[in-house]
Amino acid sequence: MSESAQSAPPVTFPPAFLWGAATSAYQIEGAVREDGRTPSIWDTFSHTPGRTADGETGDIAVDHYHRYREDVALMADLGLNAYRFSISWSRVQPTGRGPAVQRGLDFYRRLVDELLAHGIRPAITLYHWDLPQELEDAGGWPERDTAYRFAEYARIVGEALGDRVEQWITLNEPWCSAFLGYGSGVHAPGRTDAAASLRAAHHLNLAHGLGASALRSVMPARNAVAVSLNSSVVRTVSQDPADLAAGQKIDDLANGVFHGPMLHGTYPETLLAATSSVTDWSYVRDRDLETIHQPLDALGLNYYTPTLVSAAEEQVSGPRPDGHGASAHSPWPGADDVAFHQTPGERTEMGWTIDPTGLHELIMRYTREAPGLPLYVTENGAAYDDKPDPDGRVHDPERIAYLHGHLSAVRRAITDGADVRGYFLWSLMDNFEWAYGYGKRFGAVYVDYTTLERTPKSSAHWYGRAARTGELPPLEG
Ligand code: FCB
């Protein structure tokens, strides 16, 4: 431990702060064919040869569908007081439309009951990337109707669980759904069509707006409706006007495209101009922006690493990493004149640079962008190549250091006036990391993929202590 960390004053949090962990349905549940569930785009994608590392799928994942009681007990033992999870749409509405399948909803009823019985506050994400395959067959997110289907689904889940769940998140990281799903194609459904990716972005925005009002129409007014954005902290290599313009372009494509309509009821002019060779935005109908611009009760921020860009010396083409996997197709429509750079510093197993200052910057930006709106860090965490010691324990001091650094950044932001109400560590346990399969371990709890046995890593104990005391414990020596 460094001397400064030893002698630094304790980092303490407000008493009502939520100390949570996050997961998503396809990454943990398994049981993909049980109780009426049908394939989502991630089932189809992961079963398509060449799409995921070693052809891995979420068929079994970590079998949370059958082991949820054990998982809730684990969280309770650690001392967590909140849990963010997502609902599998095709478990609830197998064809993506029409009446709900009660057996599917029953799983989430049981899970919520179990959480509440253990004093853990549930936070539901309605959409964490697993569109029912039938809706993709009908055109997916580039089609306007998908937004209406989402609103119907939101209403069903709101009706079923709104009496007991107070925190709701419409979409998780719509950037990934739109631009990795339909642009670079490294995520399901794996399409590579720049124009379709922008249409998808608009219809995801519309889904958020329609979904938020559908939730509100069936839920008690005390419930909070939010969205989780993976807003990028975009930095430029210099203050040169060309580099600053590159930064603006990526900021629009990463952030403004979502927070523009959601928070301000408008798409940034600079975004419309920069993408005019790709799309004419004619699918944005009158009143859509009004629909999208729903009052929010909170905003969820997911943060892992900053993004560093410059103007490109020449047009960039060919494979390039985007942080979620390499593709010959860019997830940034209209930005072939932008170059992406590795940010300096230590990296996690994902190759993502560790930079807690980015989290502070992000929180302060949204404190200005959305004054008065409570903020939550709805995801933050790190992948490391964790392995059990011969005695069966899993020591992950790097993850503890990562969490310490980022939670300290959250605390600094609170001191600087930000209204951050909680933090959800990604992730509760090791799980299916999308196209990377099971190779990247983000969990605070280690999962043995042969036996599915769960073992809290030292970071889980460290984080649990923080949750119980409201103060960050010292770093592990
Ligand atoms: C986020 C996703 C989450 C997980 C983490 C590492 O983009 O929301 O499911 O993959 O990254």
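Before any of the text, the structure's been laid out above.
Engineer: Outline the pattern of salt bridges, supporting the account with residue identities and numerical values.
Structural biologist: Per the counting criterion, the structure on display carries 33 salt bridges. Here Arg-222 and Glu-166 are joined by a salt bridge, their closest N and O atoms 3.4 Å apart. Separated by 56 residues along the polypeptide, Arg-222 in the loop between α10 (194–218) and β5 (224–229) and Glu-166 in the loop between α8 (145–161) and β4 (167–172) bring together distant segments of the chain. Asp-396 is the partner of Arg-399 in a salt bridge, and the nearest nitrogen-oxygen pair spans 2.7 Å. Both residues of the pair, Arg-399 and Asp-396, belong to the buried class. One network of salt bridges, with partners in common, ties together Asp-386, Asp-396, Arg-399, Asp-430, Arg-441 and Lys-457.

Engineer: Could you give me a rundown of helix α14 (residues 356–369), with the residues and numbers involved?
Structural biologist: Side chains three or four residues apart in an α-helix point the same way, a direct result of the helix having 3.6 residues per turn. Given a rise of 1.5 Å per residue, 14 residues ought to cover 20 Å, and the 20 Å separating the end C-alpha atoms of α14 matches this to within 8%. By the burial criterion, the buried members of α14 are Gly-358, Leu-359, His-360, Leu-362, Ile-363, Met-364, Arg-365 and Tyr-366. Elements that come into contact with the buried residues of α14 comprise β6 (234–236), α11 (241–264), β7 (299–302), β12 (375–380), α15 (397–415) and β13 (420–426).

Engineer: Explain empty space enclosed by the protein to me, using residue names and the numbers behind them.
Structural biologist: Once rolled over the atoms, a probe with the size of a water molecule shows which space is left empty. Enumeration according to the criterion identifies 4 cavities of 30 Å³ or more in this entry. Computed from the structure, the largest cavity encloses a volume of approximately 110 Å³. Forming the walls of the largest cavity are Ala-123, Gln-167, Trp-168, Ile-169, Ala-224, Ala-226, Ala-298, Leu-299, Gly-300, Tyr-376, Thr-378 and Phe-424. Within the residue set of the lining of the largest cavity, elements represented by two or more residues are β4, β5, β7 and β12. It is β4 that contributes the most residues to the lining of the largest cavity, 3 residues altogether. Of the residues belonging to the lining of the largest cavity, the class tally is 9 nonpolar, 3 polar and no charged.

Engineer: Explain the site of the ligand to me, and be specific about the residues and the numbers.
Structural biologist: Taken together, 12 residues form the shell around the ligand, and within it Gln-27, His-128, Glu-173, Glu-379 and Trp-434 come nearest. A distance of 3.0 Å separates an oxygen atom of the ligand from a polar side-chain atom of Asn-172. For the ligand, whose free accessible area comes to 300 Å², the fraction covered by protein is 99%. When the residues that make up the shell around the ligand are grouped by side-chain class, the tally is 5 nonpolar, 4 polar and 3 charged.

Engineer: Describe the pairing of strand β8 (residues 307–311), and please don't skip the residues or the numbers.
Structural biologist: Counting buried positions along β8 gives 4 out of 5 residues, so the element sits mostly inside the fold. Bridge analysis of β6 against β8 gives 3 bridges, and the strand direction is parallel. For Val-234, the partnering residue across the bridge sits in β8 and is Thr-307.

Engineer: Describe the sheet that holds strand β11 (residues 338–341), naming the residues involved and giving the relevant values.
Structural biologist: Here 3 strands make up an open sheet; going across it, the order is β6-β8-β11 and the pairing mixed. A strand with exactly one partner marks an edge of an open sheet, and here the two such strands are β6 and β11. Direction aside, the axes of adjacent strands within the sheet are offset by 40 degrees on average. Across the sheet, α11 touches β6, β8 and β11, and the angle it forms with β8 is around 130 degrees.

Each value, and the rule that gives it
Residues numbered from 1 in each chain as written. Predicted model: local features only at pLDDT ≥ 70, side-chain atom pairs only at ≥ 80, totals over all residues. Heavy atoms only, no water. Salt bridge = Lys/Arg side-chain N within 4 Å of Asp/Glu carboxyl O. Helix = DSSP H or I, 4+ residues; strand = E, 2+ residues; numbered from the N terminus. Buried < 20%, exposed > 50% of the residue type's maximum accessible area, 1.4 Å probe, protein only. Expected span 1.5 Å × (residues − 1). Contact = heavy atoms within 4.5 Å. 1 Å grid on protein atoms, 1.4 Å probe; cavity = no way out; pocket = protein on both sides within 12 Å on 5 of 7 lines; lining within 4 Å. Points joined across faces, edges and corners; volume = space filled by probe spheres on them. Nonpolar A, V, L, I, M, F, W, Y, C, P; charged D, E, K, R; others polar. Near = heavy atom within 4 Å. Polar contact = N/O pair within 3.5 Å; in protein donor to acceptor, adjacent residues only side chain to side chain. Areas by Shrake-Rupley, 256 points an atom, 1.4 Å probe, with all protein chains shown as cover. Pairing = 2+ DSSP bridges. Axes fitted to C-alpha atoms, helices over the stretch in contact; angles between N-to-C directions.

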